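Letter by letter, the chains look like this.
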Amino acid sequence: MCGGRGDGAVRIFLCPAVGSGAAVYRPLAELLPAGVTAYGFDELPGVTVAERVSAYLAGLERAAPGDGPCVLAGWSFGGFLAWEVAARLQRAGARVELVAAIDSACPDEDADRLPMVSVARDFGWLLSLAGADGERRAALPYRRLVGMAPADRLELMVETLAEQGFWSPEAAAKLDGGLREFFVGTSALRGHRPGPYRGPFVLFRAADQGLAVADAPFRLPQTGPGWQRYSCPAP
């Protein structure tokens, strides 16, 4: 966790997006009004959502112990982590003033009910990255891949594509240029059902999504229940 910025009674904890750290929130922290202290969490790659949340809760308590008002926020994957941290805080009896998410999509529940769907989506994403034209079909050991950790699943998929002639040095360069962290992070999120959060929630959405979310299952829907499925009315 990066140190707090400001000296106020209200504390805001900023959770990271995949492939980024707390530094991306520095411009936002500089705009916060007096009376607000901002803390930023750094990314913890290669661990589950639950493990990340537990680590952030421990860091939160070390950095700002007490039961003062608390705001959780995050961009993209960070918004989902902020929701989960808030839900855990509430279950422990802590006071959460607000959860704010910036362009954060809900996980896809279908991947939880049908693990093969998650594997197929990951594989399709890698095929697209490799520039596959659809004229040839790649064989994949689906049963081995179901239940594997995201990082291990990625390595086996890449190995399989290479053996069948689909992978290339260009695709490997793209993956190692930052997309590896994105793949592992979004794969860990798929199928993870958020815990119930009771309180105010705000979702900020960019007018132009552009290429901010490259994985189709995580593009923000124009309609649908979204986060409302997991929210509870404030008491």
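Residues numbered from 1 in each chain as written. Predicted model: local features only at pLDDT ≥ 70, side-chain atom pairs only at ≥ 80, totals over all residues. Heavy atoms only, no water.

Caption draft 1: The overall build of the chain, seen in detail. Each helix and strand counted, the chain has 8 helices and 8 strands in total. For the chain, the residues scored as buried account for 43% of the 235 residues in total. Considering only contacts within the chain whose residues lie at least 6 apart along the sequence, 80% involve residues at least 24 apart. (Helix = DSSP H or I, 4+ residues; strand = E, 2+ residues; numbered from the N terminus. Buried < 20%, exposed > 50% of the residue type's maximum accessible area, 1.4 Å probe, protein only. Contact = heavy atoms within 4.5 Å.)

Caption draft 2: Region of the structure containing the packing of aromatic side chains. Evaluated as defined, the whole model comprises 6 aromatic pairs. For the pair Phe-13 and Tyr-39, a centre-to-centre distance of 5.0 Å together with 15° between the ring planes defines the contact as stacked. With Phe-13 in strand S2 (residues 10-15) and Tyr-39 in strand S3 (residues 36-40), this pair connects stretches of sequence that are 26 residues apart. Owing to a relative accessible area of 12%, Tyr-39 belongs among the buried residues under this scheme. Judged by centre distance (5.0 Å) and plane angle (80°), the rings of Trp-83 and Phe-201 are edge-to-face. Note that Trp-83 is positioned in helix H3 (residues 77-91) and Phe-201 in strand S7 (residues 201-204), a separation of 118 residues in sequence. A relative accessible area of 0% means that Trp-83 is categorised as buried. The class of Phe-201 is partly exposed, set by a relative accessible area of 24%. Here the aromatic residues Phe-13, Tyr-39, Phe-41 and Tyr-56 are joined through ring pairs into a cluster of three or more. (Phe/Tyr/Trp six-rings, centres within 6.5 Å; stacked < 30°, edge-to-face > 60°.)

Caption draft 3: Spotlight on the side chain of Glu-43. Considering the arrangement of structural elements, one finds Glu-43 in the loop between S3 and helix H2 (49-63). For the buried residue Glu-43, which engages in no salt bridge, the nearest side chain bearing the opposite charge is Arg-52, 4.2 Å off. (Lys, Arg positive; Asp, Glu negative; His and termini not counted. Salt bridge = Lys/Arg side-chain N within 4 Å of Asp/Glu carboxyl O.)

Caption draft 4: Representation of a nonpolar patch on the surface in the model. A surface patch of nonpolar side chains, amounting to about 400 Å² of accessible area, comprises Val-24, Trp-75, Ile-102, Val-202 and Phe-204. Within the element layout of this structure, Val-202 appears in strand S7. Overall, the relative accessible area of 31% leaves Val-202 in the partly exposed class. (Patch = residues over 30% accessible without salt bridge, like charges linked within 9 Å, V, L, I, M, F, W, Y side chains within 5 Å. Areas by Shrake-Rupley, 256 points an atom, 1.4 Å probe, with all protein chains shown as cover.)

Caption draft 5: Local environment of the pairing of S3. Of all 5 residues making up S3, 5 are buried, and the element is well covered by its neighbours. Taking every second residue as pointing to the same face, both faces of S3 are buried, with Val-36, Ala-38 and Gly-40 on one and Thr-37 and Tyr-39 on the other. Two strands pair when backbone bridges link them, and S2 and S3 are joined in this way by 5 bridges, in the parallel orientation. Considered in S3, the bridge of Leu-14 is made with Gly-40. On the question of chirality, the crossover connecting S2 to the parallel S3 by way of helix H1 (residues 26-31) is right-handed. (Pairing = 2+ DSSP bridges. Right-handed = clockwise from strand over helix to strand, strands pointing away.)

Caption draft 6: Expanded view of the nonpolar core. Counting residues in each nonpolar core, the largest one holds 50 residues, and the members touching the most others are Leu-72, Leu-126 and Trp-167. Listing elements by their share of this core, those giving two or more residues are S2, H2, strand S4 (70-75), H3, strand S5 (96-102), helix H5 (115-130), helix H7 (150-163) and helix H8 (169-189). At 9 residues, the largest contribution of residues to this core is made by H3. Residues Ile-12, Leu-14, Tyr-25 and Ala-100 belong to the second largest nonpolar core, which totals 9 residues. (Core = buried A, V, L, I, M, F, W, Y, C linked by side-chain atoms within 4.5 Å.)

Caption draft 7: Fine view of unusual backbone geometry. A positive phi angle, near 60°, is found at Ser-76, a position not held by glycine. Positionally, Ser-76 belongs in the loop between S4 and H3. On the basis of relative accessibility, which here comes to 24%, the residue Ser-76 falls in the partly exposed class.

Caption draft 8: Layout of H3. Helix length check: H3, at 15 residues, gives a terminal C-alpha distance of 22 Å against a target of 21 Å (1.5 Å per residue), a fit within 8%. Where burial is concerned, most of H3 is hidden: 12 out of the 15 residues are buried. Every buried residue of H3 is accounted for by Phe-77, Gly-78, Gly-79, Phe-80, Leu-81, Ala-82, Trp-83, Glu-84, Val-85, Ala-86, Ala-87 and Leu-89. Looking one or two places after H3, you find Gly-93, whose phi comes out positive at around 90°. (Expected span 1.5 Å × (residues − 1).)

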